[in-house]
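The residues making up each chain are set out below.
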Amino acid sequence: AQLSNFTREDVFTAFYGQRSAPAAVRQTFNALEESAEERCRREFIHESLLHRIAQRSSRLHEKVSSVLLEVAPTIIPDLRSAAQSEEGEHDDWLQQEYVDHLSGYSMDMLIPSYAIAIEVDGPSHFDWKGQRAMGATLMKHRHLRLLGYHVVSVSYREWEEAAAGSASIEVGRRALLARKMVHALKHIKPS
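Because the structure is predicted, anything quoted here is derived from the model rather than measured.

Thresholds applied
Residues numbered from 1 in each chain as written. Predicted model: local features only at pLDDT ≥ 70, side-chain atom pairs only at ≥ 80, totals over all residues. Heavy atoms only, no water. Buried < 20%, exposed > 50% of the residue type's maximum accessible area, 1.4 Å probe, protein only. Helix = DSSP H or I, 4+ residues; strand = E, 2+ residues; numbered from the N terminus. Pairing = 2+ DSSP bridges. Core = buried A, V, L, I, M, F, W, Y, C linked by side-chain atoms within 4.5 Å. Contact = heavy atoms within 4.5 Å. Polar contact = N/O pair within 3.5 Å; in protein donor to acceptor, adjacent residues only side chain to side chain. Axes fitted to C-alpha atoms, helices over the stretch in contact; angles between N-to-C directions. Parallel < 35°, antiparallel > 145°, perpendicular 65-115°, else oblique. Left-handed = near helix turned anticlockwise from the far one by under 90°. Nonpolar A, V, L, I, M, F, W, Y, C, P; charged D, E, K, R; others polar.

Asks: Explain the pairing of strand 2 (residues 106-111) here, please?
Replies: On a regular strand, one side chain projects to one face of the sheet and the next to the other, so that they alternate. Among the six residues in strand 2, six count as buried, and that is most of the element. Sheet topology note: the strand 1 (residues 95-99)/strand 2 ladder contains four bridges and is antiparallel. Each bridged residue has a counterpart across the sheet, and for V99 the counterpart in strand 2 is S106. Between strand 1 and the antiparallel strand that follows it, strand 2, lie six residues; G104 among them carries a positive phi value of about 90 degrees. As paired strands, strand 2 and strand 3 (residues 116-121) are joined by three bridges and run antiparallel to one another. Bridge pairing links M109 to I118 in strand 3. Between strand 2 and strand 3, which pair antiparallel and follow one another directly, the connecting turn spans four residues, one of which, A115, has a positive phi of 55 degrees.

In structure tokens form, the structure reads like this:
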């Protein structure tokens, strides 16, 4: 059935979720609403995938990824054996530029076996002072957590401060990622 087959009052009451709307109108309206929601979700996912294909990783992302490839296997034994068995090959335990097909959210890096999403948050994720995360960034992190991911956020400021606060740039950055990974693992229940 189409909405044009019903009176304006019936459609109005169905739109506002009132139970007095005839069942046929509510069913038709709900089907339209669900299909619009599905179309929007599909388009969001499609746009996320296109954006990821077109976007080049930032230098910050590449540096964090490089250090993470060294640090994570020392903290997570499963990854150590995977990294050793695939020497010279792509590290399957770390997925770059991953797009969640349920939500359409893209993640900079993902360790799928632990559902750890690593987000590298550069200056555009913060206010003009570089101190407060923007609302969209906070919302994305919150949504990723609701989807079951353990979010590890690495901000550009933390990255620079870690390099400055240590005897060696690399040691400081490794320590930062190690702390963040250990913290994320504390919240993961063993299966």
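Asks: Looking at this structure, how should I read the nonpolar core?
Replies: I111 and I116 are the most contacted members of the largest nonpolar core, which has 25 residues in total. Those elements that place two or more of their residues in this core are helix 3 (59-75), strand 2, strand 3, strand 4 (150-155), helix 6 (156-164) and helix 7 (169-186). With six residues, the top contributor of residues to this core is helix 3. Beyond its immediate chain neighbours, meaning those up to four positions away, I116 contacts M109, L110, I111, H150, V152, M181, A184, L185 and I188. Counting seven residues, the second-largest nonpolar core is a separate cluster that includes M107, L110, A117 and Y149.

Asks: How do you make sense of the side chain of T137 when you look at a structure like this?
Replies: Within the fold, T137 resides in helix 5 (residues 135-146). Side-chain polar atoms of T137 contact the side chain of H125, separated by 2.9 Å. If we ignore the near neighbours within four places in the chain, the residues touching T137 are D121 and H125.

Asks: Would you mind going over the side chain of K140 with me for this structure?
Replies: Assignment of secondary structure puts K140 in helix 5. Overall, K140 belongs to the buried group, its relative accessible area being 15%. Here the side chain of K140 touches S106 through a polar contact of 2.5 Å, landing on its backbone oxygen. When neighbours within four sequence positions are excluded, K140 is seen to be in contact with Y105, S106 and E119.

Asks: What's the story with the packing of helix 6 against helix 7 in this structure? I'm lost.
Replies: Packed helices, taken two at a time, are described by the angle between their axes plus the distance between the axes. Remark: helix 6 packs on helix 7, axes separated minimally by 7 Å, with the N-to-C direction vectors making an angle of 130 degrees. Compared by their axis directions, helix 6 and helix 7 come out oblique. The two elements helix 6 and helix 7 meet at a crossing, and its hand is right-handed. The segment helix 6 lies against helix 7, with E158, W159, E160, A162 and A163 engaging I169, G172, R173, L176, L177 and K180. Counted by class, the contact of helix 6 with helix 7 contains six nonpolar, one polar and four charged residues.

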